[in-house]
Amino acid sequence: MMTHTPETDTLKIRDLSKTYGKFRALDTVSLGVDQGEFLTLLGPSGSGKTTLLMSIAGFIQPDHGQITLGGRDITHMPPEKRSFGMVFQGYALFPHLTVNDNVMFPLKMRGEKGAQAARRVAEALELVGLSDKGIRYPRELSGGQQQRVALARAIVFQPHMLLLDEPLSALDTQLRGQLQSELKRLHRAVGLTFIYVTHDQSEALSMSDRIAVMREGRLEQVGRPDDLYDRPANRFVAEFMGVENFLPPELSGGQHTLALRAHALELAAGRGRVAAHVTERDYYGAEIRYTAHTESGVPLRFKIAAGQGESLPQEGDAIGLDWQDKDALPLADH
Amino acid sequence: MSSFARDNASLPVRGSAWTIICLMILPMSVVFAVSVTDRPYLSLPENGVSLQYYRNLFTSPEWLLSIWQSFVIACVSTMVAGALGTLGSIGCWRISSGASNVLRLVMLVPLMLPPIVYGLGAYQVWADLGWINTYTGIIVAHAMTGIPYVVITVSTALAGLDPKLEQAARSLGAGMGATIWYVIFPNIMPGILSGLVFAFIHSWDELVIALFIAGRNVFTLPRRMWDGINENLDPTMAAVASVLILVTLGLLVFELLGRGRKR
Ligand SMILES: Nc1ncnc2c1ncn2[C@@H]1O[C@H](COP(=O)(O)OP(=O)(O)OP(=O)(O)O)[C@@H](O)[C@H]1O
Ligand SMILES: [Mg+2]
């Protein structure tokens, strides 16, 4: 029903910058978003994700740069003319309107009314599984239901794309997982472009077609989830992807810093490739997590599956650690 | 035993509470009592109640004219204060920066200034504009001094409003005007209504500014009462005062009901 967006609806962002006083909230950001893609903006708090999303939505005027949609310059177009659906963290449902009227709002603003509009509202509510809640007020719904109404309202008018700013972060873990898969299903069902903001790495990995990692207003790396996970471009991205260990060149014996996940490090039978002594040992049932430090003070984290006999190292023990070259990622910077 | 002690201890507290309530209500009730006096001067009724001064009031062309003039002035100045105060508050809420806080404070100045200062200033300026003793003059003065009441109640209502509602509305295709009309107004309506009630009451019983800029052509109700008190002690004054009090109380009850329904 809602697959009208033509092929030409690619979004292009060129050299976008925004400063507040001397502070650079966005620093020459360039990014292309393909039609129908699920793109996630991932980054720590204050990295400029919301600023970028709000620039795309038209609520923030960039100082420099350009945004085009299907070749048309929309950098200075007011938000109400852009036809981008938005979903906010706090839902932002209109408290004085029923669920039906909330979802009807964008149609009403476009002069659509009557049976046709009512049918589209019903279809959108059905898509999010809330057909029976139309005459309720937002305050009578749970957080998850309110978020679904916000989704229905944002897609009912067949927007060019959907912008979502941490839409699930107010929900508890279980509901979050449920809504994550619902969002993915919805994305497939409507074929809309989604631009999704989160600072949750696992959420980004599981939902996105591509991820753009942001840091201090800049894009650090853009790529498919497996690209970022297996081949992080630098230490920041690697840390964000959950890599625990970074071996400087003097320890790794190579040209570059090596990024190593905890499961790639194993206890050596003899001296191993790196010598260290155990500083911390935490029992987790299925596995035991260790922290060791090298002579020069570099921390190394590794795990040993429980039930491997009695020869497990204790705190203070001197050990050697090994790894396979195929598991080590050389990083371009330091 | 302990409850007895507590009752004893609360006696002075209760006593002073009742004293304060009496001091607040007594003058008003005396006015009602005096307004039905059967004697020809301001006094409590002696041999029975009489409605002669109400009859007097509602048949006297001067008093009726003053009631009408006060009513028209209050209505128009309330509309002006309501429109300016509401839009000003919404503007400050949208910008929400240091500058907008200063602006909001500026809008409250007429409330902090003694009315006599404002009246004196208005007299000087209005004289140059030729507004003394005209509807325009008194309506503008009452509207300006009524704005703070609207700003306070509307700003309070706006403080409870999620700023993302505006962004949501605009992303859904509503321009600025439609956003204010369809989203912001309905959500702050109780605040706007309260502001209108207070602005109306403010104009309806405003005397000090009226002393400066009202005159023969525009003779508001409080102004005529003032002159009446100074010239003769006609009990019609008490009837007028009763009407003033009843209208004000009526508006306050309306305001409370409006608030109660919203909760
Ligand atoms: N109006 C503003 N004035 C000044 N600084 C601002 C303004 N808006 C944002 N910033 C700054 O810009 C930076 C980026 O903000 P932004 O909201 O885009 O971060 P974010 O990545 O969305 O973070 P979070 O995950 O906490 O939401 C922050 O350091 C913030 O303090
Ligand atoms: Mg943010």
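Residues numbered from 1 in each chain as written. Chains lettered and ligands numbered in written order. Predicted model: local features only at pLDDT ≥ 70, side-chain atom pairs only at ≥ 80, totals over all residues. Heavy atoms only, no water.

### Describing empty space enclosed by the protein
Residue and element names in this part refer to chain A. We count it as follows: With a 1 Å grid spanning the protein atoms alone, the term cavity applies to any set of points in which a 1.4 Å probe fits but cannot get out, the term pocket to an open set with protein on both sides within 12 Å along at least five of seven lines, and the term lining residue to any residue with an atom within 4 Å of a point. Grid points are joined across faces, edges and corners, and a volume is the space filled by probe spheres set on the points. For the purposes of this entry, the term helix denotes a DSSP run of H or I that reaches at least four residues, the term strand denotes a run of E that reaches at least two, and both are numbered from the N terminus. In this count, Pro and Cys sit with the nonpolar residues alongside Ala, Val, Leu, Ile, Met, Phe, Trp and Tyr, while Asp, Glu, Lys and Arg are called charged and the others, Gly among them, polar.
The full count for this structure, using the stated rule, is one cavity of 30 Å³ or more. Space inside the largest cavity adds up to approximately 40 Å³. Around the largest cavity, the lining residues are Leu127, Val128, Arg148, Leu151, Leu179, Glu182, Arg185 and Leu186. For the lining of the largest cavity, the elements supplying multiple residues, two or more each, are helix H5 (143-155) and helix H6 (173-190). Examining the composition of the lining of the largest cavity, we find that four residues originate from one element, H6, more than from any other. In the lining of the largest cavity, the residues fall into five nonpolar, no polar and three charged.

### Describing helix H4 (residues 98-112) of chain B
All names here are of chain B. Defined as follows: Expected span of a helix: the number of residues minus one, times 1.5 Å. Note that bend, as reported per residue, equals the angle between axes fitted to the 7 residues terminating at that residue and the 7 residues originating from it. Only protein chains enter the calculation, and the probe is 1.4 Å; a residue is then buried if its accessible area is under 20% of its type maximum, exposed if over 50%, and partly exposed in between. Every residue pair with non-hydrogen atoms within 4.5 Å of one another is taken to be in contact.
Counted at 1.5 Å a residue, the expected span for H4 with its 15 residues is 21 Å, and the 20 Å between its end C-alpha atoms agrees. When the local axis directions of H4 are compared, the greatest deviation, roughly 25°, occurs at valine 106, which is followed within four positions by the proline proline 110. Those residues of H4 that sit buried are Ser100, Met107, Leu108 and Pro110. In this structure, the buried side of H4 is in contact with helix H3 (61-95) and helix H6 (135-159).

### Digging into the site of ligand 1
Residues and elements named next belong to chain A. Under the convention used in this document: Whether a residue is near a molecule or strand depends on its heavy atoms: if one lies within 4 Å, it is near. Here a polar contact is taken to be a pair of N or O atoms separated by no more than 3.5 Å, where protein atoms must pair a possible hydrogen donor with a possible acceptor and residues adjacent in sequence count only if both atoms sit in side chains. Note on areas: these come from Shrake-Rupley sampling with a 1.4 Å probe, and a residue is covered only by the protein chains present in the view.
Close to ligand 1 lie 13 residues; Ser45, Gly46, Lys49, Thr50 and Thr51 are nearest. Between ligand 1 and threonine 50 there is a distance of 2.6 Å, counted from an oxygen atom to a side-chain nitrogen or oxygen. One nitrogen or oxygen atom from the side chain of glutamate 166 is found 3.3 Å from an oxygen atom belonging to ligand 1. Contact with the protein chains removes 59% of the 630 Å² of surface that ligand 1 exposes when unbound. Going through the elements one at a time, strand S2 (23-33) and helix H1 (49-57) are the ones with two or more residues in the shell around ligand 1.

### A closer look at a nonpolar patch on the surface
Residue and element names in this part refer to chain B. Spelled out, the test is: Residues enter a patch when their relative accessible area is above 30% and they make no salt bridge; the linking distance is 9 Å between like charges and 5 Å between nonpolar side chains (Val, Leu, Ile, Met, Phe, Trp, Tyr). Note on definitions: salt bridges are taken to be side-chain nitrogens of Lys or Arg within 4 Å of carboxyl oxygens of Asp or Glu.
There is a patch of nonpolar side chains on the surface, built from Val102, Leu105, Val106, Val109, Leu111, Met112, Leu113, Ile116, Val117 and Ile152 and spanning about 850 Å² of accessible area. Taken together, the elements giving at least two residues each to the nonpolar patch come down to H4 and helix H5 (115-129). It is H4 that provides the largest number of residues to the nonpolar patch, a total of six residues. Of note, isoleucine 116 is situated in helix H5.

### Concerning the interface of chain A and chain B
The test is simple: A 1.4 Å probe defines the accessible area here, and the buried area is the portion of it lost by two parts on being joined, summed over both.
Contact residues are listed per partner, giving 22 residues for chain A and 18 residues for chain B. Summing the contributions of chain A and of chain B, the shared interface buries around 1700 Å²; its carbon and sulfur component is 68%. Interface area lost by chain A to chain B is led by Glu80(A), His96(A) and Met109(A), which between them contribute 31%. One salt bridge connects Glu80(A) with Arg170(B), and the closest N-O pair in it is separated by 2.7 Å. Summed over the shared surface of chain A and chain B, the result is four residue pairs in polar contact (both at pLDDT 80 or more). Residue assignment for the side of chain A that touches chain B shows that the elements contributing at least two residues are helix H2 (79-82), strand S6 (84-87), helix H3 (99-109) and H5 of chain A. A per-element tally of the side of chain A that touches chain B places H3(A) first, with four residues. Looking at the side of chain A that touches chain B residue by residue, the class counts come to 16 nonpolar, two polar and four charged.

### Let's talk about the sheet that holds strand S18 (residues 329-331) of chain A
All names here are of chain A. The following threshold applies: Strand pairing follows a simple DSSP-based rule, namely that at least 2 bridges must link the two strands. Note on geometry: axes are lines fitted to C-alpha atoms, helical ones only across the stretch in contact, with angles between N-to-C directions running from 0 to 180 degrees.
Read from one edge to the other, the open sheet built from three strands follows the order S11-S12-S18, with strand pairing classed as antiparallel. A strand with exactly one partner marks an edge of an open sheet, and here the two such strands are strand S11 (245-247) and S18. Mean inter-strand twist for the sheet, computed between neighbouring axes without regard to direction, equals 30°. Relative to S18, strand S12 (residues 257-260) runs antiparallel, the two sharing three bridges. When the sheet's bridge partners are listed, leucine 258 is paired in S18 with proline 330.

### Topic: the layout of surface pockets
Residues and elements named next belong to chain B. Taken as a whole, the second largest pocket spans an internal volume of roughly 300 Å³. Elements with a minimum of two residues in the lining of the second largest pocket: H3 and helix H7 (164-171). A breakdown of the residues in the lining of the second largest pocket according to their chemical character gives four nonpolar, two polar and three charged.

### Here's the deal with the confidence of the model for chain B
All names here are of chain B. Just so we agree on the cut-off: pLDDT expresses how confident the predictor is about each individual residue, on a scale running from 0 to 100.
Overall, the predicted model of chain B reaches an average pLDDT of 88, with 95% of residues at or above 70. In the model of chain B, helix H1 (residues 2-35) stands out as the element of lowest mean pLDDT, 79, in contrast to H7, which has the highest, 95. Overall fold confidence for the complex sits at a pTM of 0.82, while the interface term, ipTM, reaches 0.83.

### Focus on the nonpolar core
How we decide: Throughout, nonpolar core names a set of buried Ala, Val, Leu, Ile, Met, Phe, Trp, Tyr and Cys residues whose side chains join them through atoms within 4.5 Å.
Leu11(A) and Ile195(A) are the most contacted members of the largest nonpolar core, which has 91 residues in total. At seven residues, the largest contribution of residues to this core is made by helix H8 (residues 176-204) of chain B. With residues near it in sequence (within four places) discarded, Leu11(A) still touches Leu31(A), Gly32(A), Val33(A), Ile56(A), Ile67(A), Thr68(A), Leu69(A), Ile74(A), Phe84(A), Met161(A) and Ile195(A).

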